[in-house]
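Breakdown of the fold
Chain residues, written in single-letter form:
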Amino acid sequence: MATHNFPPLKNDLLLRTARNETVERPPCWVMRQAGRYLPEYHQEKGTKDFFECCRSPDIASALTLQPIDRFEGLIDAAIIFSDILVIPQAMGMEVIMVDGKGPVFPDPLKTPEDAQYGEVVERQVDVKESLDYVYKAITMTRHKLDGRVPLYGFCGAPFTLLCYMVEGGGSKIFKQTKTWIYKYGDESKVLLQKIAELCVEYLAMQVAAGAQIVQIFDSWAGELSPASFREFALPYLEWICDHLPDRLRELSEEVVPMVVFAKGAWYALEELCQTKYDIIGLDWLHEPKEAYVIAQKCGKVVQGNADPGVLYGGNAAMTKVVQNMVDGFGGGKKGWIANLGHGITPFVKPDDLKFYFEEIHRLSSGS
């Protein structure tokens, strides 16, 4: 068990909510809250490459703390500044961040006969060593937070990482992904299982470094039909939540709450609620009241779920969306972590996000 002598946690609202306890108000944070919509992000990042910032514990920690400082008293969690694609990098694949385009794999996996496929599948990956910079950033951030809020660790889900590894980046039609799962299904599953095993170890190392809750991002899950989701996404999400607690016990670490966020897979809510995940992330395709009933029936907490685009829409629009969430998620006193339905998008004004947080506080206080 790692001993870091972290400062005691002063605000445990989110962790109490994650345990499905009755609380005084819903905890708030948003995905991608440390990012390019903040002017201070650009000042800290300067001309450095995105992944260079991820690999610098000092910079990653500083970026993680920016929204905590800016929204002091309104925000109830930090999430470590990193990227889901550090796992493919650890697997030996090159990933670069291209301005205006996003992540790019110059040499994606083409077919199972591709020599790189065999190398990636057979390579012995030591995520403890290769991703040490993430753990250092987490430990540093826990100390610098001084117990103000808990810290999320995270990883990408196996299916979403496979998408990037074969598409070479983002996609609108996912031609390569669909070719792989439908034409090379068995070989896809070998790769998915490899990634799932790495995810468990990576998340365990994050917890050992100081992460107090972890989230698995299946950002492209909605590209799958229900049947394909059950075959190519759900089994590997389940593998992670089935094996991470045991791995943490082996390391004599605390078993922390686990969040699964399968964006676009609205049809799989009940199935996800039947897994060992504690918290189910919801995108904006879910009606709060309906999702909340299903989740509470299974003893699960939900996280979400406003359309990030409402932050462009002005105060009245934000108030309306927040009120709908407060009403739908049982008044906010149990089983709801307030968030967006995906990451905050570019060009959002920080003061508009501040108003969103303030409305969650205000509208849930009297419910």
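For the structure given in this document, a descriptive report is provided here. Residue positions are counted from 1 within each chain, in the order its sequence is given. With the structure being a predicted model, the display of local features is reserved for residues of pLDDT at least 70 and the display and counting of side-chain atom pairs for 80 or more, all residues being used for whole-chain, interface and lining totals. To get the side-chain values, take all heavy atoms of the structure and skip hydrogens and water.

Observations concerning the state of the cysteines
When the sulfur atoms of two cysteines come within 2.5 Å, that pair is taken as a disulfide. Evaluation of the coordinates by the stated rule reveals 0 disulfides. A disulfide-free cysteine, cysteine 155 has its sulfur positioned 3.8 Å from the sulfur of cysteine 199, the nearest such atom. To sort residues, take the accessible area from a 1.4 Å probe on protein chains only and compare it with the maximum for the residue type: under 20% means buried, over 50% means exposed, and anything in between is partly exposed. For cysteine 155, a relative accessible area of 1% gives the class buried.

Some remarks on the pairing of strand β8 (residues 301-306)
Most of β8 is tucked away, with 6 of its 6 residues classed as buried. Judged from the 3 bridges that link them, strand β7 (residues 279-281) and β8 form a sheet pairing that is parallel. Paired with isoleucine 279 across the strands is valine 301, a residue of β8. With respect to chirality, the unit in which β7 leads through helix α15 (residues 288-297) into the neighbouring parallel β8 is right-handed. Each helix is a run of DSSP H or I of at least 4 residues and each strand a run of E of at least 2, with the numbering of both proceeding from the N terminus. For two strands to be treated as a pair, DSSP must find no fewer than two bridges joining them. The crossover handedness rule: strands pointing away from the viewer, path from first strand over the helix to second strand clockwise, crossover right-handed.

Regarding the layout of surface pockets
Only protein atoms enter the 1 Å grid, on which a cavity is a set of points fitting a 1.4 Å probe that cannot get out and a pocket is an open set with protein on both sides within 12 Å along at least 5 of 7 lines, lining residues being those with an atom within 4 Å of a point. Grid points are joined across faces, edges and corners, and a volume is the space filled by probe spheres set on the points. Its volume calculated, the largest pocket comes out at about 1,500 Å³. Lining the largest pocket are 43 residues, with Arg32, Arg36, Asp83, Met97 and Pro103 positioned closest to its centre. Elements with a minimum of two residues in the lining of the largest pocket: α2 (39-45), β2 (96-98) and β3 (102-104). The element contributing the most residues to the lining of the largest pocket is α2, with 3 residues. Classification used: nonpolar for Ala, Val, Leu, Ile, Met, Phe, Trp, Tyr, Cys and Pro, charged for Asp, Glu, Lys and Arg, polar for all others including Gly. A breakdown of the residues in the lining of the largest pocket according to their chemical character gives 19 nonpolar, 14 polar and 10 charged. Residue lining of the second largest pocket: 21 residues in total, with Arg142, Ala211, Gln212, Glu254 and Val256 positioned closest to the centre. Counting only elements with at least two residues in the lining of the second largest pocket, the list comes to α1 (13-18) and α11 (185-209). Among the residues making up the lining of the second largest pocket, the classes are represented as 11 nonpolar, 5 polar and 5 charged.

Some points on the side chain of arginine 16
Inspection of the secondary structure assignment puts arginine 16 in helix α1. Judged by relative accessible area, which is 17%, arginine 16 ranks as buried. Side chain to side chain, arginine 16 and glutamate 24 meet in a polar contact 3.0 Å long. Residues are treated as being in contact if the distance between any of their heavy atoms lies within 4.5 Å. When residues no more than four places from it in sequence are discounted, the contact partners of arginine 16 are Glu21, Val23 and Glu24. For this analysis, a polar contact is any N or O atom pair within 3.5 Å, provided that within protein one partner can donate a hydrogen and the other can accept it, and provided that sequence-adjacent residues contribute only side-chain to side-chain pairs.

Some words on the packing of helix α9 (residues 158-167) against α11
Comment: axis = line fitted to C-alpha atoms, over the contacting stretch for helices; angle = value between 0 and 180 degrees taken between N-to-C directions. Across the interface, α9 lies against α11 with an axial gap of 9 Å and an inter-helix angle of 120°. Viewed along their axes, α9 and α11 adopt a mutual orientation that is oblique. For the element pair α9 and α11, the recorded crossing hand is right-handed. Contacts between α9 and α11 involve Pro158, Phe159, Leu161, Leu162 and Met165 from the former and Ser188, Leu191, Leu192, Ile195, Ala196 and Cys199 from the latter. Angles are sorted into four bins: roughly parallel if under 35 degrees, roughly antiparallel if over 145, roughly perpendicular if 65 to 115, and oblique for all others. Crossing handedness is defined as follows: a turn of the near helix away from the far one that is anticlockwise and smaller than a right angle gives a left-handed crossing, while the clockwise case is right-handed.

Considering the packing of α15 against helix α16 (residues 315-328)
In contact at an axis separation of 8 Å, α15 and α16 are set at 30° when each is read in the N-to-C sense. The angle between α15 and α16 places the two elements in the roughly parallel class. For the pair α15 and α16, the crossing hand works out as right-handed. Each of Pro288, Lys289 and Tyr292 in α15 lies in contact with α16, whose residues at this interface are Asn324, Met325 and Gly328.

Notes on the nonpolar core
Residues belong to a common nonpolar core when they are buried Ala, Val, Leu, Ile, Met, Phe, Trp, Tyr or Cys residues joined through side-chain atoms within 4.5 Å. Formed by 138 residues in total, the largest nonpolar core has its most connected members in Leu131, Leu191, Phe229 and Tyr356. The residues touching leucine 191, leaving out its near neighbours within four places in the chain, are Met91, Leu109, Tyr117, Val120, Val121, Leu162 and Met165.

Things to note about the side chain of glutamine 66
You can see glutamine 66 is positioned in helix α4 (residues 57-70). For glutamine 66, a relative accessible area of 10% translates into the label buried.

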